[in-house]
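Residue-level structural notes
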Amino acid sequence: MTVNELLSRCSSSELSDWEDYWREEPFGPRHEDYRIAILGAKLFNLNRGKNPAQSEADFIPRYRDQFQGSVEADLARIQGFIAAGAKVVRRKRGQRR
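Residues numbered from 1 in each chain as written. Predicted model: local features only at pLDDT ≥ 70, side-chain atom pairs only at ≥ 80, totals over all residues. Heavy atoms only, no water.

A word on the overall build of the protein. Helix and strand counts for the protein stand at four helices and zero strands. N-terminal to C-terminal, the α/β element order of the protein is α-α-α-α. Per-residue burial for the protein yields a buried fraction of 7% across its 97 residues. For the protein, the share of sequence-separated contacts (at least 6 apart) that also reach a separation of at least 24 residues comes to 44%. (Helix = DSSP H or I, 4+ residues; strand = E, 2+ residues; numbered from the N terminus. Buried < 20%, exposed > 50% of the residue type's maximum accessible area, 1.4 Å probe, protein only. Contact = heavy atoms within 4.5 Å.)

Shown next, in the form of structure tokens:
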């Protein structure tokens, strides 16, 4: 989806509202990974026996192409792509760049 297609479906004001909402209540795969990591650490530590305790960081998946840095840095990078006219490219399943 191009920026123009996105803006034809919702206003700039609505996009800003979604951004504000996301800052208050993060959602999406990255945030869900963190939620599951908390649960995984809690379950492990409840049943760990003599094993050393684990933290949430031990249960967060590591993705090869994951953005590095803070959520704010990731958001700024995405906004930069959009401002530059980035388009969504649909690839066939299993197809690489």
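On the surface, Ile36, Leu39, Leu43 and Leu46 cluster together to form a nonpolar patch covering roughly 440 Å² of accessible area. Within the element layout of this structure, leucine 43 appears in helix H3 (residues 29-46). For leucine 43, a relative accessible area of 47% corresponds to the partly exposed category. (Patch = residues over 30% accessible without salt bridge, like charges linked within 9 Å, V, L, I, M, F, W, Y side chains within 5 Å. Areas by Shrake-Rupley, 256 points an atom, 1.4 Å probe, with all protein chains shown as cover. Salt bridge = Lys/Arg side-chain N within 4 Å of Asp/Glu carboxyl O.)

Time to look at the confidence of the model for the protein. Considering every residue of the protein, the mean pLDDT works out to 79; 80% of them sit at 70 or more. Confidence, expressed as mean pLDDT per element, reaches its minimum in the protein at helix H4 (residues 71-83) with 73 and its maximum at H3 with 88. (pLDDT = per-residue confidence, 0-100.)

Bringing the environment of isoleucine 36 into the picture now. With respect to the element layout, isoleucine 36 can be found in helix H3. Its relative accessible area of 55% is what places isoleucine 36 among the exposed residues. C-alpha separation for the pair isoleucine 36 and glutamate 56, spaced 20 residues apart in sequence, amounts to 8.6 Å.

So, on to a negative patch on the surface. On the surface, a cluster of negative charge is made up of Glu14, Asp17, Asp20, Glu24 and Glu25. Here aspartate 20 is to be found in helix H2 (residues 12-24). (Lys, Arg positive; Asp, Glu negative; His and termini not counted. Charge placed at Lys NZ, Arg CZ, Asp CG, Glu CD.)

What follows covers the packing of aromatic side chains. Under the criterion given, the structure shown has two aromatic pairs. For the pair tryptophan 18 and tyrosine 21, a centre-to-centre distance of 5.9 Å together with 85 degrees between the ring planes defines the contact as edge-to-face. With tryptophan 18 and tyrosine 21 both in helix H2 and three residues apart, the pair spans about one turn of that helix. Plain terms: the ring middles of phenylalanine 44 and phenylalanine 59 are 6.1 Å apart, the flat faces sit at 55 degrees to each other, and that makes the pair tilted. Taken together, the residues span a long stretch of sequence, with phenylalanine 44 in helix H3 and phenylalanine 59 in the loop between H3 and H4 at a distance of 15 residues. Overall, phenylalanine 59 belongs to the partly exposed group, its relative accessible area being 32%. (Phe/Tyr/Trp six-rings, centres within 6.5 Å; stacked < 30°, edge-to-face > 60°.)

What follows covers the pattern of salt bridges. Across all of its chains, the model carries two salt bridges by this definition. For the salt bridge of glutamate 19 with arginine 23, the shortest nitrogen-to-oxygen distance reads 3.2 Å. Of this pair, glutamate 19 and arginine 23 both sit in helix H2, four residues apart, roughly one helical turn. For arginine 23, a relative accessible area of 43% translates into the label partly exposed. With a closest N to O distance of 3.3 Å, arginine 35 and glutamate 32 form a salt bridge. With arginine 35 and glutamate 32 both in helix H3, this residue pair falls three residues apart, about one helical turn. A residue is classified by how much of its surface remains accessible, and glutamate 32, at 34% relative accessible area, is partly exposed.

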